[in-house]
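Take a look at the letters that make up each chain.
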Amino acid sequence: QVQLVESGGGLVQAGGSLRLSCAASGRTFSNYAMGWFRQAPGKEREFVAAISWGGGNTYYANSVKGRFTISRDNARSTVYLQMNSLKPEDTAVYYCAAGGRFDLVVTGTILSWGQGTQVTVSS
């Protein structure tokens, strides 16, 4: 399977921005649909965003739509999550995920997970 390593998390004030990166290795990156999920303390992991193999299709959770943007660079085997207008409720560990198809990533059927990166938004 593909191996995934996230970076870019940190502490930011409400209203600020962060960009998460996820570098893939081990298999052909463009064969995978990619996604981001998050897990806040005491809550279940939830879907955030997904992007298709070529980047032509994207899908977002309602809670982040209009604020977050997912993108990918297949030449660099990297997927990104640009997060703007951050809110305290966005605080969570963010996980990168790879799946066989776009719709499978959206529904949480994941082949590989990253280790996660912490995002903390202060009020």
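Everything below is about the structure shown above.
Residues numbered from 1 in each chain as written. Predicted model: local features only at pLDDT ≥ 70, side-chain atom pairs only at ≥ 80, totals over all residues. Heavy atoms only, no water.

Enquirer: Any chance you could break down the overall build of the chain for me, citing the residues and the numbers?
Expert: Scanning the chain for helices and strands turns up one helix and eleven strands. When its helices and strands are written in sequence order, the chain yields β-β-β-β-β-β-β-β-β-α-β-β. The globule rule puts the C-alpha radius of gyration for 123 residues at 14 Å, and the 13 Å found for the chain is close to it. For the chain, the spread of C-alpha atoms along the three principal axes comes to 40 × 25 × 25 Å. Among the 123 residues that make up the chain, the fraction classed as buried is 44%. Residue pairs in contact within the chain that sit at least 24 positions apart in sequence constitute 59% of those at least 6 positions apart. Accessible surface computed for the chain: about 6100 Å², of which carbon and sulfur atoms make up 46%. Taken together, the 11 basic and 7 acidic charged side chains of the chain have centroids lying 4 Å from each other. (Helix = DSSP H or I, 4+ residues; strand = E, 2+ residues; numbered from the N terminus. Rg over C-alpha atoms; globule rule 2.2 N^0.38 Å. Buried < 20%, exposed > 50% of the residue type's maximum accessible area, 1.4 Å probe, protein only. Contact = heavy atoms within 4.5 Å. Areas by Shrake-Rupley, 256 points an atom, 1.4 Å probe, with all protein chains shown as cover. Lys, Arg positive; Asp, Glu negative; His and termini not counted. Charge placed at Lys NZ, Arg CZ, Asp CG, Glu CD.)

Enquirer: Quick rundown of the sheet that holds strand S7 (residues 68–73)? Include the residues and the values.
Expert: Taken in spatial order, the four strands make up an open sheet running S1-S3-S8-S7, and their pairing is antiparallel. Each of the sheet's edge strands pairs with one partner strand only, and the pair in question is strand S1 (3–7) and S7. When the angles between neighbouring strand axes are averaged without regard to direction, this sheet yields 15 degrees. Strand direction decides the pairing type here: strand S3 (residues 18–25) and strand S8 (residues 78–83), joined by six bridges, are antiparallel. Across the sheet, residue cysteine 22 finds its bridge partner in S8, namely valine 79. (Pairing = 2+ DSSP bridges. Axes fitted to C-alpha atoms, helices over the stretch in contact; angles between N-to-C directions.)

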